[in-house]
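What follows is the residue order along each chain.
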Amino acid sequence: MADTSENGTVNISTEAVVVDDDVKFGFQRPEMYTENLSGSVHPYERHVLLCYKTREDWPDRVESSDSDLLPKRLAGATKERKNDIPVKTLITIFEGNAATGFSDGDVLIFPDMIKYRGLEESNMDSFVEEVLVNGKPWASRTPEMLRLRWPKQEISLTVGENFQIKHNRKKGSVRFSGSIFQSEEG
């Protein structure tokens, strides 16, 4: 893992960290491939992710908390307008920080690959109406095209008939089509 050179500096191998992360969080986890995942995720056509605080700050039911009003208001507004929203939409809360470049109130929309900054309780109704119900750009904010970056590697997402994640530092890509994952060298 770490080697000490003659001049006393320490060289730290990031390779071991990547392997450890893969065993802890990735496809090498002990529980991987022990269950059939087919049907475990309900289908949806749009995924809206709201950046909100940190996991440690979240209450057990963030959408029903009286102290965390932004996610509660988003959950309530989408539930209230559920019959008016033309595509099945999944709402997820995620943690942001300076390293990721996301902060409270940032909203990511997939598969559109759009990011809006500054969702607040006061502009929630216009966001839900314009973006989720009518499928138009949000008039009070400028949409940004979303380009995702992971630490130490860039990942490009291409959305079309297939959802494709391509690791620019690796030779392969992973494609998703239906419920089948396949690795494609290229």
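Residues numbered from 1 in each chain as written. Predicted model: local features only at pLDDT ≥ 70, side-chain atom pairs only at ≥ 80, totals over all residues. Heavy atoms only, no water.

Q: Would you explain the layout of surface pockets in this entry?
A: Remark: the empty space left among the atoms is shown by a probe the size of a water molecule rolled over them. One number sums up the size of the second largest pocket: a volume of about 520 Å³. Taken together, the elements giving at least two residues each to the lining of the second largest pocket come down to helix H2 (69-80) and strand S4 (89-94). Of the residues forming the lining of the second largest pocket, the biggest block, four residues, is contributed by H2. (1 Å grid on protein atoms, 1.4 Å probe; cavity = no way out; pocket = protein on both sides within 12 Å on 5 of 7 lines; lining within 4 Å. Points joined across faces, edges and corners; volume = space filled by probe spheres on them. Helix = DSSP H or I, 4+ residues; strand = E, 2+ residues; numbered from the N terminus.)

Q: Honestly, H2 in this entry has me stumped. Any pointers?
A: Note: α-helices contain 3.6 residues per turn, so residues at a spacing of three or four share the same orientation. If you check H2, its first and last C-alpha atoms are 16 Å apart, about what 12 residues at 1.5 Å a residue would give, namely 16 Å. Considered for burial, the residues of H2 that qualify are Leu 70, Pro 71, Leu 74, Ala 77 and Thr 78. The buried residues of H2 occupy one face: seen down the axis, they fall within an arc of 130°. Among the exposed residues of H2, those oriented more than 90 degrees off its buried face are Lys 79 and Glu 80. (Expected span 1.5 Å × (residues − 1). Buried < 20%, exposed > 50% of the residue type's maximum accessible area, 1.4 Å probe, protein only. Arc of directions from axis to C-beta.)

Q: What exactly am I supposed to notice about unusual backbone geometry here?
A: Among all residues save glycine, negative phi is the norm, and among peptide bonds the norm is trans. With an omega of 10°, the peptide bond running from Phe 110 to Pro 111 counts as cis. For Pro 111, the location among the structural elements is in the loop between strand S5 (107-110) and strand S6 (114-116). Not every positive phi belongs to a glycine, and Lys 53 is a case in point at roughly 45°. In this structure, Met 113 takes a positive phi of about 60° despite not being glycine. Here Met 113 is to be found in the loop between S5 and S6.

Q: Is there a simple way to explain the nonpolar core in this structure?
A: Most often, soluble globular proteins keep nonpolar side chains buried together rather than apart. Counting 21 residues, the largest nonpolar core has Leu 119, Phe 127 and Val 128 as the members making the most contacts within it. Among the secondary structure elements, those contributing two or more residues to this core are strand S3 (46-51), H2, S5, S6 and helix H3 (124-133). Sort the elements by how many residues they give to this core and H3 lands first, with six residues. Ignoring any residue separated from it by four or fewer positions in sequence, one finds Phe 127 in contact with Leu 74, Val 107, Ile 109, Tyr 116, Leu 119, Leu 132 and Trp 138. Grouped together as the second largest cluster of nonpolar side chains are eight residues, Cys 51, Phe 94, Leu 108 and Met 113 included. (Core = buried A, V, L, I, M, F, W, Y, C linked by side-chain atoms within 4.5 Å. Contact = heavy atoms within 4.5 Å.)

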